[in-house]
Amino acid sequence: EYIDYIIAVAAHKVKSIDSIYFDEKLAWTSGGGVTATYSGYLTVATRTEGDSGNTISINGGSKWGANTRLTGCAYIHLRIKRSGNSSKTESPLVNGLPGRMTVIGEGAYLYDPRRDTTVGGSGSHRADDQSTWGTYTDPDDCDNPALQLLWWLLGWKINSKLSVGCGVPPARIDIASFITAANICDESVLLATGGAQYRYRSSGTASDSDDRLSVINNLLVCMNGTIRDSNGKLSLDIMRNDLGEYVLDFDENDMLGEFEWNQTRGLSDSFNKARGRYVDPSTTALYQLVDYPEVGFDSPDGIERVK
């Protein structure tokens, strides 16, 4: 009649677990509890970091209790009732959990060197002490891809053992380059439709089965970035539009020899339409892929060349 589920949602501490959706339906929120659809058929408990002080006992602890706690991991406990509460009703969870479940919350506590006085910042963050990480005033601060990449390189440890990321020692990272990159990510960019937004932002998850370098490359793509190994340290360079801030002029004396400049490529090498897809975080799509609006212009020869 009842089924209990323990589901790990992160192999590290998270800031919050805020809501749960079954397929497209809201099932639970941290502020309001179980929704009317599942009232009487679902109970939820969450742990942002499992430890000996917040264990969950299932059936008196015989199967899950004091010695099973997912130490250092974020997880949820769901108990569902598969039978109806009366002879005339059927449980909305008669077949168990649905095929798609979405858990929404605020994720990892990031290290921000701009908040570390030992590397030129201002604050109590320390690269070698993850208990000092986090403490943001703006939730959007967590979506800085430069800081996410730095977190992934440093890694997150549970009981002094690496759980997530690469485990690169702080001494092998050019922290100053990440400060510069994080500031560029935070620059305000004016939108053609009005208002402004940060230059680069990203959110997402990575699985234990993902190649570490693939995760690094995904984060680099989010900010037009490049990782370099310079003098034994990993540094981060990211691109931004600084064409309005030229620093010197060239003249003929700067040319070492003959050169050829092709202003534009041939039509067969040029795209005139751009299409793409992105992960929509709204409750309408719940992180499913949707299409960007197509942009482009007419090709002189009438042939569409799509990027």
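Structure shown above.
Because the structure is a prediction, the values reported are computed rather than measured.

Student: How would you summarise the overall build of the chain if you had to cite specific residues and measurements?
Tutor: Per the secondary structure count, the chain includes 3 helices and 17 strands. At 25 Å, the chain has a C-alpha radius of gyration far larger than the 19 Å of a compact globule built from 307 residues. Structurally, the chain occupies a C-alpha span of about 90 × 55 × 35 Å along its principal axes. Counting over 307 residues, the chain shows a buried share of 31%. Accessible surface for the chain amounts to roughly 19100 Å². Of this, 49% is attributable to carbon and sulfur atoms. Charged side chains of the chain number 29 positive and 40 negative; the gap between the two group centres comes to 11 Å.

Student: Account for the environment of Ser 235, naming residues and giving values.
Tutor: Tracing the backbone shows Ser 235 in strand S13 (residues 233–238). Taking the C-alpha atoms as reference, Ser 235 lies 38 Å from Arg 69; in sequence the two are 166 residues apart. In contact with Ser 235, not counting residues within four places along its chain, are Asp 174, Ser 177, Phe 178, Thr 226, Ile 227 and Arg 228.

Student: Outline the nonpolar core, supporting the account with residue identities and numerical values.
Tutor: Ranked by internal contacts, the top residues of the largest apolar core, which has 38 residues, are Leu 149, Trp 151, Ile 173, Met 223, Leu 236 and Ile 238. Listing elements by their share of this core, those giving two or more residues are helix H1 (145–154), strand S8 (156–158), helix H2 (175–185), helix H3 (212–221) and S13. With 8 residues, H1 is the largest single contributor of residues to this core. With residues near it in sequence (within four places) discarded, Ile 238 still touches Ala 181, Ile 184, Cys 185, Tyr 200, Met 223, Asn 224 and Gly 225. Ranked by size, the runner-up nonpolar core spans 14 residues in total, among them Ala 10, Ile 20, Leu 42 and Ile 76.

Student: Any details on the sheet that holds strand S5 (residues 42–47)? Residues and values, ideally.
Tutor: Sheet strands line up and pair through hydrogen bonds in the backbone, either parallel or antiparallel. Strand order in the open sheet made by the 3 strands is S1-S6-S5, with antiparallel pairing throughout. Edge positions in the sheet fall to strand S1 (2–10) and S5, since each of these pairs with one other strand and no more. Adjacent strand axes in the sheet meet at a mean angle of 15 degrees, parallel and antiparallel pairs treated alike. In the sheet, S5 pairs with strand S6 (residues 74–81) via 6 bridges, with the strands oriented antiparallel. Bridging from a neighbouring strand, Ala 45 pairs with His 77 of S6.

Student: Please set out the pattern of salt bridges residue by residue, giving values where relevant.
Tutor: Scanning the model with the defined rule gives 16 salt bridges in all. In this structure, the salt-bridge partner of Glu 106 is Lys 15, at a minimum N-O distance of 3.7 Å. Note that Glu 106 is positioned in strand S7 (residues 101–106) and Lys 15 in the loop between S1 and strand S2 (16–22), a separation of 91 residues in sequence. A residue is classified by how much of its surface remains accessible, and Lys 15, at 37% relative accessible area, is partly exposed. Here Asp 186 ties to Arg 114 by a salt bridge, and the two come within 2.7 Å at their closest N and O atoms. Of this pair, Asp 186 sits in the loop between H2 and strand S10 (188–190) while Arg 114 sits in the loop between S7 and H1, placing them 72 residues apart in sequence.

Student: Now, about the packing of aromatic side chains: what can you tell me, with residues and values included?
Tutor: Applying the stated criterion to the full structure yields 4 aromatic pairs. Note on Tyr 111 and Trp 133: the rings are 5.9 Å apart at their centroids and 40 degrees apart in plane angle, and the pair reads as tilted. Placement of the pair is Tyr 111 in the loop between S7 and H1 and Trp 133 in the loop between S7 and H1, with a sequence separation of 22 residues. The burial state of Tyr 111 is the same as that of Trp 133; both residues are buried.

Student: Report on unusual backbone geometry, specifying residues and quantitative values.
Tutor: In this model, Asp 23 sits at a positive phi of 55 degrees, which is unusual for a non-glycine residue. Mapping Asp 23 onto the fold places it in the loop between S2 and strand S3 (25–29). According to the relative accessible area criterion, Asp 23 is partly exposed, its value standing at 30%. One non-glycine residue with positive phi stands out, namely Asn 224, at about 50 degrees. Along the chain, the position of Asn 224 falls in the loop between H3 and strand S12 (225–230). We classify Asn 224 as partly exposed; its relative accessible area is 44%.

Student: If you had to explain the side chain of Asn 54 to someone new, which residues and values would you point to?
Tutor: Mapping Asn 54 onto the fold places it in the loop between S5 and S6. We classify Asn 54 as buried; its relative accessible area is 18%. In this view, Asn 54 contacts Arg 47, Glu 49 and Tyr 75; residues no more than four positions away in its chain are not counted.

The rules behind each value
Residues numbered from 1 in each chain as written. Predicted model: local features only at pLDDT ≥ 70, side-chain atom pairs only at ≥ 80, totals over all residues. Heavy atoms only, no water. Helix = DSSP H or I, 4+ residues; strand = E, 2+ residues; numbered from the N terminus. Rg over C-alpha atoms; globule rule 2.2 N^0.38 Å. Buried < 20%, exposed > 50% of the residue type's maximum accessible area, 1.4 Å probe, protein only. Areas by Shrake-Rupley, 256 points an atom, 1.4 Å probe, with all protein chains shown as cover. Lys, Arg positive; Asp, Glu negative; His and termini not counted. Charge placed at Lys NZ, Arg CZ, Asp CG, Glu CD. Contact = heavy atoms within 4.5 Å. Core = buried A, V, L, I, M, F, W, Y, C linked by side-chain atoms within 4.5 Å. Pairing = 2+ DSSP bridges. Axes fitted to C-alpha atoms, helices over the stretch in contact; angles between N-to-C directions. Salt bridge = Lys/Arg side-chain N within 4 Å of Asp/Glu carboxyl O. Phe/Tyr/Trp six-rings, centres within 6.5 Å; stacked < 30°, edge-to-face > 60°.

Keep in mind that these numbers describe shape and distance, not what the molecule does.
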